[in-house]
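Chain residues, written in single-letter form:
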Amino acid sequence: MRVVLAPDKFKGSLSAVGVARALARGIAEVRPEWTVLSAPIADGGDGTVDAAVAAGWARVPVETTGPTGAPVPTSYARSGETAVVELASAVGLSLLPDGVPDALRAGTFGLGVVIRHALDAGARSIVIGLGGSASTDAGAGMLTALGVTITDADGAPLPPGGAALARAAHVDLAGLHPAAAQARFTLACDVDNPLLGRAGAAAIYGPQKGATQGDVALLDDALASFADLLAAAGALDARDVPGAGAAGGTAFGAMAVLGAQARPGVELVLELTDFAAELDGADLVVTGEGSLDEQTLHGKAPVGVAAAARAAGVPVIAVCGRNLLSAGQIRAAGFRRELALAELEPDPARSMANAADLLQRIGRTIASDPVAR
């Protein structure tokens, strides 16, 4: 048997790498003769760089600033002239001090610092994973770190955050990092929201970042003003492009100034990690994430893995912390069956705390149950 372990993270419990290791230990206890390959994946959010590194890419450490300006150690993945940069590990929600949201002032400057580092090191194809954003600044901070100048009516630089864009009066693109004009930017993006309006970045995602109803209106107006200024400065008017509202509008900034193109996250990650090669000769694929639910069915990593495995004629098992899908939905998504930690430990807190041990038990089940093969 040749088994490919391709899980996403179990959020709040184990990284994708940790999930794969636990499953592998369990399988080895029962079937030490099996060949077990670890190929952790992600969908463009946190864990994307780890997935690339697990596939053999080099990890490049970088010191940057988090969403509120505090120093943050992070990294990106590099292979040849291609770099994978993860928004979540630079300016993501998980990096907010004490977890306190700052809907008006959180920014993306630290993401731009990481991109600039990759460009300076010679990368000319930059993949940006957009999941887990803490800010709604339309990528203004990112662009500032890359040399774009944004000032108020008095010519003073703006402070970080989306709210400050309401005072923006001038944008100058002349200082943009020279390599940025030559590089190709690709966004791992799984939403189709525009930048503005009722389906836009502020309205849909602002409340998740602590924005009140008043904050949402302020941010939406500020983003509209910034979009006008960028267009006047010669940037692409990308405000209505599907996906421009992703990551608090960071996708918009990247599209407008960097010429970025958006692609589905898991599709992009599977391509970058050459997942198709892992499937060659495989007898079984095991994937999963913390919760199998309706969101899983809309472009999340396990369904992307199942689609790739199904196309290669390889059966797929899903593992999860909890399963909220029906048996029919599980089958329709391409899974032979699902195995949930909740079936072994119903208490959510204990299940999350002991996820590694429970996944090891599930690994033993996969190795010993004929249905799994």
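Residue indices begin from 1 for each chain and proceed along its sequence in written order. Local features in this predicted model are restricted to residues whose pLDDT is 70 or higher, and side-chain atom pairs enter the listing and the counts only when it is 80 or higher, whereas totals over whole chains, interfaces and linings include all residues. To get the side-chain values, take all heavy atoms of the structure and skip hydrogens and water.

Here is the rule: UniProt positions are given in the numbering used here, feature names are shortened, and annotations may be inferred rather than shown by experiment.
Per an unreviewed UniProt entry, the recorded name for the chain is Glycerate kinase, and the organism is Tsukamurella spumae. The UniProt entry for the chain carries this comment under Sequence similarities (unreviewed entry): "Belongs to the glycerate kinase type-1 family."

### A few points about the side chain of glutamate 86
In plain terms, the rule: Secondary structure elements follow DSSP: runs of H or I of four or more residues count as helices, runs of E of two or more count as strands, with numbering from the N terminus. To sort residues, take the accessible area from a 1.4 Å probe on protein chains only and compare it with the maximum for the residue type: under 20% means buried, over 50% means exposed, and anything in between is partly exposed. Charged residues are defined here as Lys and Arg on the positive side and Asp and Glu on the negative side; His and the ends of the chain fall outside this count. For salt bridges, the criterion is a side-chain nitrogen of Lys or Arg within 4 Å of an Asp or Glu carboxyl oxygen. Contacts are assigned to residue pairs with any non-hydrogen atoms lying within 4.5 Å of each other.
Its location among the elements puts glutamate 86 in strand S5 (residues 82-86). Arginine 59 is the oppositely charged side chain nearest to the buried, salt-bridge-free glutamate 86, at an N-O distance of 7.2 Å. With residues near it in sequence (within four places) discarded, glutamate 86 still touches Gly45, Asp46, Gly47, Thr48, Val49 and Gly129.

### Section: unusual backbone geometry
Even without being glycine, aspartate 98 reaches a positive phi, approximately 60°. You can see aspartate 98 is positioned in the loop between helix H3 (88-91) and helix H4 (109-120). One non-glycine residue, aspartate 274, lies in the positive phi region at around 55°. Topologically, aspartate 274 is positioned in the loop between helix H10 (265-272) and helix H11 (275-279).

### Quick notes on the nonpolar core
For the record, the criterion: Throughout, nonpolar core names a set of buried Ala, Val, Leu, Ile, Met, Phe, Trp, Tyr and Cys residues whose side chains join them through atoms within 4.5 Å.
In this structure, Phe185, Phe226, Phe252 and Leu258 are the most contacted members of the largest nonpolar core, which totals 57 residues. It is helix H9 (residues 246-258) that contributes the most residues to this core, nine residues altogether. Those residues within four positions of phenylalanine 185 in sequence are excluded, and the remaining contacts are Ile115, Leu119, Ile126, Ile128, Ala180, Leu258, Gly259, Ala260 and Gln261. Counting 25 residues, the second-largest nonpolar core is a separate cluster that includes Ala39, Ala282, Val285 and Val314.

### Re the sheet that holds strand S12 (residues 316-323)
How we decide: At least two bridges found by DSSP between two strands are what make those strands a pair. For helices, the fitted axis covers only the stretch in contact; all axes are lines through C-alpha atoms, and the angles between them, taken along N-to-C directions, range from 0 to 180 degrees.
Ordered by their spatial adjacency, five strands build an open sheet running S2-S1-S11-S12-S13, and the pairing between neighbours is parallel. Sheet topology places strand S2 (35-38) and strand S13 (337-340) at the edges, where each strand pairs with a single neighbour. Neighbour-to-neighbour, the strand axes of this sheet turn through a mean angle of 25°, independent of strand direction. Pairing of strand S1 (residues 2-7) with strand S11 (residues 284-292) involves five bridges; the strand directions are parallel. In the strand pairing of S11, leucine 5 is matched with valine 286. Across the sheet, helix H15 (residues 355-368) touches S11, S12 and S13, and the angle it forms with S13 is around 145°.

### Quick notes on the pairing of strand S9 (residues 184-188)
Among the five residues of S9, four are classified as buried, and the element is accordingly described as predominantly covered. Bridge count for strand S6 (residues 125-129) against S9 is five bridges, and the pairing is parallel. When the sheet's bridge partners are listed, isoleucine 128 is paired in S9 with leucine 187. Alignment of S9 against strand S10 (residues 261-263), held across three bridges, turns out to be parallel. Within S10, the position partnered with alanine 188 by the bridge is arginine 263.

### Some remarks on the environment of proline 157
For proline 157, the position within the fold is in the loop between strand S7 (149-151) and strand S8 (170-172). For proline 157, a relative accessible area of 67% gives the class exposed. When near neighbours in sequence (up to four residues on either side) are disregarded, proline 157 contacts Ile150 and Thr151.

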